[in-house]
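# An overview of the molecular structure
Spelled out, the chains give:
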Amino acid sequence: MTKSENIVWHDSKVVKEERQKLNGHKSAVVWFTGLSGAGKSTISVEVEKELYKQGVHTYRLDGDNVRHGLNNNLGFSAEDRAENIRRVGEVAKLMADAGLLTLTAFISPYREDRDKVREIMDDGEFIEVFVKCDLDVCESRDPKGLYKKARAGEIKGFTGIDDPYEEPNNPEIIVESDKNSIEECVQQVVNHLKAKGYLEV
Ligand SMILES: Nc1ncnc2c1ncn2[C@@H]1O[C@H](COP(=O)(O)OS(=O)(=O)O)[C@@H](OP(=O)(O)O)[C@H]1O
Ligand SMILES: Nc1ncnc2c1ncn2[C@@H]1O[C@H](COP(=O)(O)OP(=O)(O)O)[C@@H](O)[C@H]1O
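These figures come from a predicted structure and were not determined experimentally.

Looking now at the UniProt feature "domain: APS kinase" (unreviewed entry) in the chain. Cross-referencing UniProt, the feature "domain: APS kinase" (unreviewed entry) maps to residues 26-175 in the present numbering. As annotated, residues 26-175 comprises 41% helix and 17% strand, and the C-alpha atoms at either end are separated by 22 Å.

Right, here's the structure in full:
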């Protein structure tokens, strides 16, 4: 769906596959989803560090960061979250087209919004990582003190408290951050990428 008319696609003479060849690895979007405090940022940061050590070209998009710039006009209504995820999905797709293994860390609470991102990606280039963690554990971690504020009624529509989180039905990876250490979760993601051939051309 585009609002503008009279726009015509212009192809580049260098394509994604050539960029991947130059980089020596595939490109894709590794999409972390889960409750606030589940560990999306922590795990994706460590995965990126590990991939960098292995010579992989990466970039990481994080909800808190993107909402300071590109998406600073969006709040947390269902409509704004959908638009947040739509824009991030498009940016991540461009980054994958540029040859990067792109990591994203957004709550992305709605299955439909995540599935729409999957749909715009080429086959095999959307790797959904469900960072599974009991709400009780997320709340006890409360790294930013937001659950406390939500329970006190100072934040309305907080995911998991008075706003929904829809678990993925069929994610490529499930890391259980309330059962396994940060290192184990990181290794699980890196191992998957290696085993599925993403780290080579
Ligand atoms: N109402 C409400 N619900 C959930 N989260 C809230 C809310 N208000 C602020 N925050 C903070 O914003 C971060 C989530 O931003 P995202 O862009 O990932 O959210 S979403 O994907 O659009 O749902 C989230 O970051 P993480 O804790 O890293 O997930 C919170 O720090
Ligand atoms: N196995 C684990 N995986 C990820 N984070 C963990 C784990 N165990 C404890 N934590 C802690 O939980 C918190 C997760 O916060 P954060 O990464 O900001 O979550 P999110 O990005 O999902 O909101 C951090 O303080 C982190 O150190």
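Let's shift gears to the side chain of Ser177. Here Ser177 shows up in the loop between β5 (173-176) and α8 (182-195). Engagement of the side chain of Ser177 in a polar contact is seen with the backbone oxygen of Ala38, the distance being 2.6 Å. In this structure Ser177 touches Ala38, Ile43, Val131, Lys132, Cys133, Arg141 and Cys185, once residues within four positions along its chain are discounted.

Pairing in this open sheet of five strands is parallel, and the strands run β2-β3-β1-β4-β5 from one edge to the other. Pairing within the sheet leaves two strands with one partner each, and these edge strands are β2 (58-62) and β5. Across the sheet, the axes of successive neighbouring strands diverge by a mean angle of 20°, strand direction being ignored. Two strands pair when backbone bridges link them, and β2 and strand β3 (residues 101-105) are joined in this way by five bridges, in the parallel orientation. The residue of β3 that forms the bridge with Tyr59 is Thr102. Contacts from helix α5 (residues 111-120) reach β1 (28-33) and β4 (126-132), with the element oriented near 155° to β4.

Further remarks concern the site of ligand 2. Taken together, 15 residues lie near ligand 2, and Gly37, Lys40, Ser41, Thr42 and Asn180 sit nearest. Between ligand 2 and Gly37 there is a distance of 2.7 Å, counted from an oxygen atom to a backbone nitrogen or oxygen. Protein contact buries 77% of the 570 Å² of open area that ligand 2 shows by itself. Counting atoms within 2 Å of the grid points, the majority share of ligand 2 lands in the largest pocket. Per-element tally for the shell around ligand 2: the top contributor is helix α2 (residues 40-53), with four residues.

Turning to the state of the cysteines, a few remarks are in order. For the coordinates displayed, the defined rule picks out zero disulfides. The cysteine Cys138 is free of any disulfide, with Cys133 supplying the nearest cysteine sulfur at 3.7 Å. Summary of cysteine pairing: Cys185 is not part of a disulfide, and the nearest cysteine sulfur, belonging to Cys133, is at 9.1 Å. Residue Cys185 is classed as buried on the basis of its relative accessible area, which comes to 1%.

Analysis parameters
Residues numbered from 1 in each chain as written. Chains lettered and ligands numbered in written order. Predicted model: local features only at pLDDT ≥ 70, side-chain atom pairs only at ≥ 80, totals over all residues. Heavy atoms only, no water. UniProt positions renumbered as here; feature names shortened; annotations may be inferred. Helix = DSSP H or I, 4+ residues; strand = E, 2+ residues; numbered from the N terminus. Polar contact = N/O pair within 3.5 Å; in protein donor to acceptor, adjacent residues only side chain to side chain. Contact = heavy atoms within 4.5 Å. Pairing = 2+ DSSP bridges. Axes fitted to C-alpha atoms, helices over the stretch in contact; angles between N-to-C directions. Near = heavy atom within 4 Å. Areas by Shrake-Rupley, 256 points an atom, 1.4 Å probe, with all protein chains shown as cover. 1 Å grid on protein atoms, 1.4 Å probe; cavity = no way out; pocket = protein on both sides within 12 Å on 5 of 7 lines; lining within 4 Å. Sits in = over half its atoms within 2 Å of the grid points. Disulfide = S-S within 2.5 Å. Buried < 20%, exposed > 50% of the residue type's maximum accessible area, 1.4 Å probe, protein only.

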